[in-house]
Amino acid sequence: MSITATATERAYSAIRDGILSGEYRPGMSLREEEIADRLGVSRTPIREALRRLDAEGLAELLPHRGARVTVWTDRDLDEIFELRVQLEGRGVRLAATRATPEMLNDLRRYADKMEQEVDQAGMDRFERLTDLNNQFHRAIMSVGENRRLTAAIGTVVQRGLVALTFQLYTPDQLARSFRHHRELIDACEAGDPDWAEAVMRAHLFAGRHAARGAVG
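Residues numbered from 1 in each chain as written. Predicted model: local features only at pLDDT ≥ 70, side-chain atom pairs only at ≥ 80, totals over all residues. Heavy atoms only, no water.

A. Seen up close, the overall build of the protein. Looking only at helices and strands, the protein features 10 helices and three strands. Ordering the α and β elements of the protein from the N terminus gives α-β-α-α-β-β-α-α-α-α-α-α-α. Relative to its length of 216 residues, the protein is compact, with a C-alpha radius of gyration of 18 Å against a globular reference of 17 Å. Once the C-alpha set of the protein is aligned to its principal axes, its extents read approximately 55 × 35 × 35 Å. Counting only residues that meet the buried cut, the protein has 45% of its 216 residues in that class. A sequence separation of at least 24 residues applies to 74% of the contacts in the protein between residues at least 6 apart. Of the accessible surface of the protein, which amounts to about 11,200 Å², a share of 48% is contributed by carbon and sulfur atoms. Taking the average location of the 31 positive side-chain charges in the protein and that of its 34 negative ones, the two points are 3 Å from each other. (Helix = DSSP H or I, 4+ residues; strand = E, 2+ residues; numbered from the N terminus. Rg over C-alpha atoms; globule rule 2.2 N^0.38 Å. Buried < 20%, exposed > 50% of the residue type's maximum accessible area, 1.4 Å probe, protein only. Contact = heavy atoms within 4.5 Å. Areas by Shrake-Rupley, 256 points an atom, 1.4 Å probe, with all protein chains shown as cover. Lys, Arg positive; Asp, Glu negative; His and termini not counted. Charge placed at Lys NZ, Arg CZ, Asp CG, Glu CD.)

B. Spatial organisation of the packing of aromatic side chains. Inspection of the entire model under this criterion finds one aromatic pair. Judged by centre distance (5.5 Å) and plane angle (65 degrees), the rings of F166 and Y169 are edge-to-face. Over the face of the ring belonging to Y12 we find R52, whose NZ or CZ atom lies 3.6 Å from the ring centre. Here the basic side chain of R109 rests over the ring of Y110, its NZ or CZ set 5.3 Å away from the ring centre. (Phe/Tyr/Trp six-rings, centres within 6.5 Å; stacked < 30°, edge-to-face > 60°. Lys NZ or Arg CZ within 6 Å of the ring centre and 35° of its normal.)

C. Seen up close, the pairing of strand β2 (residues 59–62). Examined bridge by bridge, β2 and strand β3 (residues 66–69) share four bridges and lie antiparallel to one another. From the neighbouring strand, L62 faces β3, where its bridge partner is G66. Remark: three residues form the turn of the hairpin made by β2 and β3, two consecutive strands paired antiparallel; H64 in that turn has positive phi of roughly 65 degrees. (Pairing = 2+ DSSP bridges.)

D. Here's a closer look at the sheet that holds β2. Spatially, β1-β3-β2 is the arrangement adopted by the three strands of the open sheet, whose pairing is antiparallel. Every interior strand has two partners, whereas the edge strands, β1 (29–30) and β2, have only one. The strands touched by helix α3 (residues 43–56) are β1, β2 and β3; relative to β2, the strand with the most contacts, the crossing angle is about 115 degrees. (Axes fitted to C-alpha atoms, helices over the stretch in contact; angles between N-to-C directions.)

E. Representation of the pattern of salt bridges within the structure. A full pass over the atoms with the stated rule returns 20 salt bridges. A salt bridge links E9 to R52; its shortest N-O distance comes to 2.9 Å. Separated by 43 residues along the polypeptide, E9 in helix α1 (residues 3–21) and R52 in helix α3 bring together distant segments of the chain. What makes E9 partly exposed here is its relative accessible area of 33%. The exposure class of R52 is partly exposed, given its relative accessible area of 33%. (Salt bridge = Lys/Arg side-chain N within 4 Å of Asp/Glu carboxyl O.)

F. Quick look at the environment of V156. Residue position: V156 is located in helix α7 (residues 147–156). For V156, a relative accessible area of 12% gives the class buried. Taking the C-alpha atoms as reference, V156 lies 9.3 Å from L87; in sequence the two are 69 residues apart. Apart from residues lying up to four places away in sequence, V156 is in contact with I80, L83, R84 and L87.

G. Focus on the side chain of N134. Examined against the element boundaries, N134 turns out to sit in helix α6 (residues 124–143). A relative accessible area of 12% places N134 in the buried class. Setting aside anything within four residues of it in sequence, one finds N134 in contact with V157 and R159.

H. Highlighting the packing of helix α2 (residues 32–39) against α3. At their nearest, the axes of α2 and α3 sit 9 Å apart, and the two run at 115 degrees to each other. For the crossing formed where α2 meets α3, the hand is right-handed. In this structure, α2 contributes E32, E33, I35, A36 and L39 to the contact, and α3 contributes R43, I46, R47 and L50. (Left-handed = near helix turned anticlockwise from the far one by under 90°.)

I. Inspection of the environment of A206 at higher detail. Mapped onto the elements of the fold, A206 is located in helix α10 (residues 193–215). Here the alpha-carbon distance between A206 and E32, two residues 174 residues apart in the chain, equals 36 Å. Leave out the neighbours within four places in its chain, and A206 touches R176 and H180.

Here you go:
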């Protein structure tokens, strides 16, 4: 890894952790020069880090105005989660009719790892939880073998919003999310698309409620 790449990764982690911890609040300017001085790097890795955070939805690059922490409105959340309910509801129906033992084992493995991560220390556990959660949902969608549906879901899911929500989940909200994952596995194993869709809808609407609390 080059020196520039290492500096970019360090800048990305520092800014991302600052957003997730609340050091950088929604709407706050992310000034390249100030962050570069604080981290002891040039502005080039800061720019690269901000581009990456913009792609994930945690920061916004504003024309001629630099960058700021993303501001999520209730309307944004409604649009995101209503689309996810429609798309992932369809995807999980397909998955429930085509689930294989291998797919179910993958889902159980992701669910196990997520539950284990909760007891780990450090901010990076939210990164791992986000990765595992996305892998869990992608594994369900991939079974349906509808590439266009999977691609559409990929454009709707906001990785940064998922990470922020995990960061501020209450223990009860996190436990409920994990129960939903287990029930989704049960519904797919039973081959029941109605059950699977109902659980996915409940899971995503509960996620919307938690996201509102996280960004409020």
